[in-house]
Amino acid sequence: MDNEHVNTFFGHPLPFDIYSAIFASLVLIGGLIGYFKAGSTPSLIAGISFAIILAIGTYFSSVNAQNVYLLLVTSIILGGMMGHRAITSKKFMPAGLVTLISVIMILRYVTIIVKHFFIK
């Protein structure tokens, strides 16, 4: 497999897409915290659902580092939902933090796509 299809960290190959795996884990932990701290069943369901979708996307991007489309779409939806929630609640935690992390991941995925299609 050539290097453009491998996840790297400062040029060192990684066995899987660690950044997306961490993102999926944070989303799951956030849903669990929302449920146990505030008794929010919607937080639990959303956290588990988005974490599963992100985990599937992490698998796809681990097999081929350029296959980030599911991760990108999921991050846009999650970032949009949580961004709206942060704005309406006027609180940074937890919705603002999830929005910020989602935006960072969106930028990462867009960069991967742009490098693949436009920078050869």
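Predicted model, so just to flag it, every value in this text is computed and none were measured. (Residues numbered from 1 in each chain as written. Predicted model: local features only at pLDDT ≥ 70, side-chain atom pairs only at ≥ 80, totals over all residues. Heavy atoms only, no water.)

Engineer: How do you make sense of the nonpolar core when you look at a structure like this?
Structural biologist: Where a protein is soluble and globular, its nonpolar side chains tend to be buried together. One finds F23, V27, L54, V68, L78 and Y109 to be the most contacted residues of the largest nonpolar core, which totals 18 residues. Of all the secondary structure elements, the ones that give two or more residues to this core are helix 1 (18-38), helix 2 (41-63), helix 3 (69-89) and helix 4 (95-118). If you tally residues by element for this core, the top one is helix 4, at six residues. Residues in contact with L78, not counting those within four places in the same chain, are F23, V27, F50, V98 and S102. (Core = buried A, V, L, I, M, F, W, Y, C linked by side-chain atoms within 4.5 Å. Buried < 20%, exposed > 50% of the residue type's maximum accessible area, 1.4 Å probe, protein only. Helix = DSSP H or I, 4+ residues; strand = E, 2+ residues; numbered from the N terminus. Contact = heavy atoms within 4.5 Å.)

Engineer: Looking at this structure, I do not really get helix 1. What am I missing?
Structural biologist: Note on helix geometry: an α-helix contains 3.6 residues per turn, so any two residues three or four positions apart are oriented the same way. The end-to-end C-alpha separation of helix 1 is 30 Å, in line with the 30 Å expected for 21 residues at 1.5 Å each. Listed as buried for helix 1 are S20, F23, A24, V27, G31 and G34. Buried residues of helix 1, viewed axially, fall in a sector of 100°; they line one side. Seen from the open side of helix 1, the exposed residues pointing more than 90 degrees away from its buried face are F36 and K37. Looking at the buried residues of helix 1, the elements they touch are helix 2, helix 3 and helix 4. Among the residues trailing helix 1, G39 stands out with phi positive, at a value near 70°. (Expected span 1.5 Å × (residues − 1). Arc of directions from axis to C-beta.)

Engineer: Would you mind showing me how to read the packing of helix 1 against helix 2 here?
Structural biologist: Two measures define how a pair of helices packs: the angle their axes make with one another and the distance between the axes. Between helix 1 and helix 2, whose axes approach to 7 Å, the crossing angle comes to 170°. With respect to each other, helix 1 and helix 2 are oriented roughly antiparallel. Packed against helix 1, whose contacting residues are S20, A21, F23, A24, V27, L28, G31, L32, G34 and Y35, the element helix 2 presents T41, S43, L44, G47, I48, F50, A51, L54, A55, T58 and S61 at the interface. (Axes fitted to C-alpha atoms, helices over the stretch in contact; angles between N-to-C directions. Parallel < 35°, antiparallel > 145°, perpendicular 65-115°, else oblique.)

Engineer: How should I be thinking about the packing of aromatic side chains in this particular structure?
Structural biologist: The geometry of an aromatic ring pair is captured by the separation of the ring centres together with the interplanar angle, meaning the angle of the planes. Taken as a whole, this structure holds two aromatic pairs when the rule is applied. Where Y35 meets F36, the ring centres are 5.2 Å apart and the plane angle is 70°; that geometry is what we call edge-to-face. Given the relative accessible area of 31%, Y35 is considered partly exposed. For F36, a relative accessible area of 66% gives the class exposed. Seen in terms of ring centroids, Y59 and F60 are 6.0 Å apart; in terms of plane orientation they differ by 55°. Their pairing is tilted. (Phe/Tyr/Trp six-rings, centres within 6.5 Å; stacked < 30°, edge-to-face > 60°.)

Engineer: Help me understand a nonpolar patch on the surface, please; the structure alone is not making it clear to me.
Structural biologist: On the surface, a nonpolar cluster with roughly 1,000 Å² of combined accessible area is contributed by L28, L32, Y35, F36, I48, I52, I53, I56, Y59, F60, V63 and L70. Elements that contribute at least two residues to the nonpolar patch include exactly helix 1 and helix 2. Ranked by the residues each element gives to the nonpolar patch, the list is headed by helix 2, at seven residues. The exposure class of I53 is partly exposed, given its relative accessible area of 34%. (Patch = residues over 30% accessible without salt bridge, like charges linked within 9 Å, V, L, I, M, F, W, Y side chains within 5 Å. Areas by Shrake-Rupley, 256 points an atom, 1.4 Å probe, with all protein chains shown as cover. Salt bridge = Lys/Arg side-chain N within 4 Å of Asp/Glu carboxyl O.)

Engineer: How do you make sense of helix 2 when you look at a structure like this?
Structural biologist: Compared with an ideal rise of 1.5 Å per residue, which puts 23 residues at 33 Å, helix 2 spans 33 Å between its outermost C-alpha atoms and is within 8% of the ideal. Among the residues making up helix 2, those that are buried are S43, L44, G47, F50, A51, L54, G57, T58 and S61.

Engineer: Can you help me understand the pattern of salt bridges in this one?
Structural biologist: Between side chains of opposite charge, a pair can form as their charged atoms come close. Tallying each qualifying case throughout the model produces one salt bridge. One salt bridge in this structure joins D17 and R108, with 3.0 Å as the shortest N-O distance. In this pair, D17 is assigned in the loop between strand 2 (12-13) and helix 1 and R108 in helix 4, connecting sequence segments 91 residues apart. The pair formed by D17 and R108 is uniform in burial state, with each residue classed as buried.

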